[in-house]
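# Results of the structural survey
Given next are the chains, with one letter for each unit.
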Amino acid sequence: ARRALGSAGGRLQQPVDVAVLLDVDTELLISRIAGRAAAEGRSDDTPETVRNRLRIYNEQTAPVIDFYEEAGRLLRIDGVGEVDEITRRVLDAVKGAQAA
């Protein structure tokens with residue numbers, strides 16, 4: 001997996017300078033998604049299915065996060081707040097990483 005990640009930028013002819021991780025508490029995610037599902041009348045976003053998706057995320061995506069973190073290319077951004085505010089955080093962090 002690490003070799004594939006390391007060579008992905010070369011294959012795409014677009015090196016990966018940074019990876020962005022929106023950091024949000026697990027229970028807050030579950031609450032938000034379950035609340036959205038209830039408001040929209042969706043039955044597929046129960047707290048149990050969200051927890052299962054997060055378990056899969058942790059098993060399969062966490063190694064990707066570790067790869068970029070070890071390479072010094074991971075930007076952790078607080079993912080709680082209004083969309084405009086989070087967007088500003090991401091853009092500011094990416095600009096800061098490019099300037100460094």
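Here the structure is a predicted model, which is why all the values come from computation and not from measurement.

### Quick look at the confidence of the model for the protein chain
Of the residues in the protein chain, 86% reach a pLDDT of 70 or more, and the chain-wide mean stands at 85. In the model of the protein chain, helix α1 (residues 2–11) stands out as the element of lowest mean pLDDT, 51, in contrast to strand β2 (residues 74–78), which has the highest, 96.

### A look at the nonpolar core
Judged by nonpolar contacts, A19, L21, I65, F67, Y68 and L74 together constitute the single largest core of six residues. Looking at this core, the elements that each hand over two or more residues are β1 (19–23) and α4 (62–70). Take this core: its biggest share by element is three residues, from α4.

### Regarding the packing of helix α2 (residues 26–40) against helix α3 (residues 47–60)
Between α2 and α3, whose axes approach to 9 Å, the crossing angle comes to 135 degrees. Considering their axes alone, α2 and α3 lie oblique with respect to each other. When you trace α2 past α3, the crossing you get is right-handed. On α3, the residues touching T26, E27, L29, I30, I33 and A34 of α2 are P47, V50, R51 and L54. Along the lines of polarity and charge, the residues of the contact of α2 with α3 split into seven nonpolar, one polar and two charged.

The rules behind the values
Residues numbered from 1 in each chain as written. Predicted model: local features only at pLDDT ≥ 70, side-chain atom pairs only at ≥ 80, totals over all residues. Heavy atoms only, no water. pLDDT = per-residue confidence, 0-100. Helix = DSSP H or I, 4+ residues; strand = E, 2+ residues; numbered from the N terminus. Core = buried A, V, L, I, M, F, W, Y, C linked by side-chain atoms within 4.5 Å. Buried < 20%, exposed > 50% of the residue type's maximum accessible area, 1.4 Å probe, protein only. Axes fitted to C-alpha atoms, helices over the stretch in contact; angles between N-to-C directions. Parallel < 35°, antiparallel > 145°, perpendicular 65-115°, else oblique. Left-handed = near helix turned anticlockwise from the far one by under 90°. Contact = heavy atoms within 4.5 Å. Nonpolar A, V, L, I, M, F, W, Y, C, P; charged D, E, K, R; others polar.

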